[in-house]
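Inside the fold
Listed here are the chains, written in short residue letters.
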Amino acid sequence: MPTDYYETLGVTRDAEPDQIKKAFRRLARELHPDVNDHDPEAESKFKEAAEAYEVLSDPERRGTYDRFGHEGLRSGGWAPGAGGPGGIQDIFDAFFGGDPFRQQTGPSSGADIGVRVEVELEELVAGTTREVSFEAVNPCEACDGEGAAAGSGFTQCEACGGAGEVRRVSDGIFGRVLSSGPCDRCGGVGRVPDRPCEACGGAGRIAGRRSWEVDVPAGIEDGQRIRINGAGHAGQPGAPPGDLYVEVRVEPDDRFARRDTEIYTRAETGVTTAMLGGEVEIEALEGRETLEVPAGSQQGDEILLKGHGLPALGGGRRGDLHAIVEIRVPKKLSRKQREAALRLAEELE
Ligand SMILES: [Zn+2]
Ligand SMILES: [Zn+2]
């Protein structure tokens, strides 16, 4: 049975928002792990208080809770600590600059890198590759990314006692705030080399350039991103690298329009060919193709070339090519052509 939120915060049911905030702040300070190493239940009490505050600080949630209790909140889709705006994470951030129970010790992993490649629509029939080159922090080769000179060992960092993390006290809008962050001395690694590697100064990483051959899969859409695990910036010694994200731009091509796997192109057809039927040349993804236009074709008619579109991302059969008939009327006629057209007009009308 969950405890009553008003009881948890020690306020009355008609408490003003300001009183609720004050009550939570007081409790949170008492229960904060940085001042409460001695109370093993501090963490669960703190989280209970945060949950109560998450509900009672939000007028809508508070109203639901007042009328329907815990059940009402859950059937309305709310769950404690579910996150989102005004969720527990925001509360931790506002009061403490981060979740005090989240473990953030140890070396930090490398950051992600984003690059962009441009491809032609035609290349998406079979897929293609692109060599990308970008600025990246690479593991130092001289020390294998460890940061120590050859033959040197490591000593535990004195500044953080090997934890990689230091706690700081600062005065913020909610009063005195205890926060923690990576240790400056060892960069969060917790140990320092006895003799730092000369090439990287002990960091284990060096900024430079890197190249990568990216496989661009068949059928990819403009703007989609490919994630390459571990191809981002190198992490601190002992931590994993970030990822590389490759955004694919498909260059616009005014010969074609695309909808998923379907490709649309023009079939420019002369007046007589439209009337009598005949062959026209069209632009297709794999070069020009000859197309049979049936007699009596109308402006906007669609002629389908099955399997001449794009494959779906991840494989499967290719879509179709839709050739749209565009009847070209000659702008100028020779005397002979005009006479022929007049005779035809007499016959037709
Ligand atoms: Zn090095
Ligand atoms: Zn340290």
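Here we summarise the structure given alongside this text.

1. Brief notes about the overall build of the protein chain
Looking only at helices and strands, the protein chain features 7 helices and 15 strands. Long-range pairs, those at least 24 residues apart, make up 66% of the contacts in the protein chain between residues at least 6 apart in sequence.

2. Brief notes about unusual backbone geometry
In this structure, Asp144 takes a positive phi of about 60° despite not being glycine. The residue Asp144 is located in the loop between β2 (128-139) and β3 (154-156) in this model. Under the C-beta neighbour-count criterion, Asp144 is labelled exposed, with 12 such atoms within 10 Å. For Asp260, which is not glycine, the phi dihedral falls at a positive 55°.

3. Examining helix α4 (residues 59-75)
The first and last C-alpha atoms of α4 sit only 17 Å apart over 17 residues, clearly below the 24 Å expected at 1.5 Å per residue. Where α4 bends most, the angle comes to about 130°, and this point is Phe68.

4. Quick word on the packing of helix α2 (residues 17-31) against helix α3 (residues 42-56)
As a packed pair, α2 and α3 sit with axes 9 Å apart at the nearest point and diverge in direction by 165°. It follows that α2 is roughly antiparallel to α3 by the angle criterion. When the axes of α2 and α3 are compared, the crossing they make is left-handed. Each of Ile20, Phe24, Leu27, Ala28 and Leu31 in α2 lies in contact with α3, whose residues at this interface are Ala42, Lys45, Phe46, Ala49, Tyr53 and Leu56. Grouping the amino acids of the contact of α2 with α3 by side-chain chemistry returns 10 nonpolar, no polar and 1 charged.

5. A short note on the environment of Ala218
On the secondary structure map, Ala218 appears in the loop between β7 (205-216) and β8 (225-228). Judged by local crowding, Ala218 falls into the partly exposed class, with 18 C-beta atoms found within 10 Å. C-alpha separation for the pair Ala218 and Glu123, spaced 95 residues apart in sequence, amounts to 7.5 Å. Residues contacting Ala218, with those up to four places away along its chain left out, are Leu124, Val125, Ala126, Gly127 and Pro311.

6. Quick word on helix α7 (residues 335-348)
With 14 residues, α7 extends 20 Å between its outermost C-alpha atoms, agreeing within 8% with the 20 Å of an ideal straight helix rising 1.5 Å per residue. For α7, the buried fraction is low: 0 of the 14 residues fall into the buried class.

7. Some details on the sheet that holds strand β15 (residues 321-328)
The pairing of strands in a sheet comes from backbone hydrogen bonds and takes either a parallel or an antiparallel form. Judged by pairing direction, the sheet is mixed, and its 4 strands sit side by side in the order β10-β11-β15-β14 without closing on themselves. This sheet does not close on itself; its edge strands, each paired only once, are β10 (257-259) and β14 (302-305). Along the sheet, successive strands turn relative to each other by an average axial angle of 30°, direction set aside. Judged from the 8 bridges that link them, strand β11 (residues 262-270) and β15 form a sheet pairing that is parallel.

8. Remarks on the environment of Glu146
With respect to the element layout, Glu146 can be found in the loop between β2 and β3. For the pair Glu146 and Cys200, spaced 54 residues apart in sequence, the C-alpha to C-alpha distance is 9.8 Å. Among all residues touching Glu146, those that are not within four sequence positions of it are Gly204 and Pro237.

Cut-offs and rules
- Residues numbered from 1 in each chain as written.
- Chains lettered and ligands numbered in written order.
- Predicted model: local features only at pLDDT ≥ 70, side-chain atom pairs only at ≥ 80, totals over all residues.
- Helix = DSSP H or I, 4+ residues; strand = E, 2+ residues; numbered from the N terminus.
- Contact = placed C-beta atoms within 7 Å.
- Buried ≥ 20, exposed ≤ 12 C-beta atoms within 10 Å, placed from the backbone.
- Expected span 1.5 Å × (residues − 1).
- Bend = angle between axes of the 7 residues up to and from the residue.
- Axes fitted to C-alpha atoms, helices over the stretch in contact; angles between N-to-C directions.
- Parallel < 35°, antiparallel > 145°, perpendicular 65-115°, else oblique.
- Left-handed = near helix turned anticlockwise from the far one by under 90°.
- Nonpolar A, V, L, I, M, F, W, Y, C, P; charged D, E, K, R; others polar.
- Pairing = 2+ DSSP bridges.

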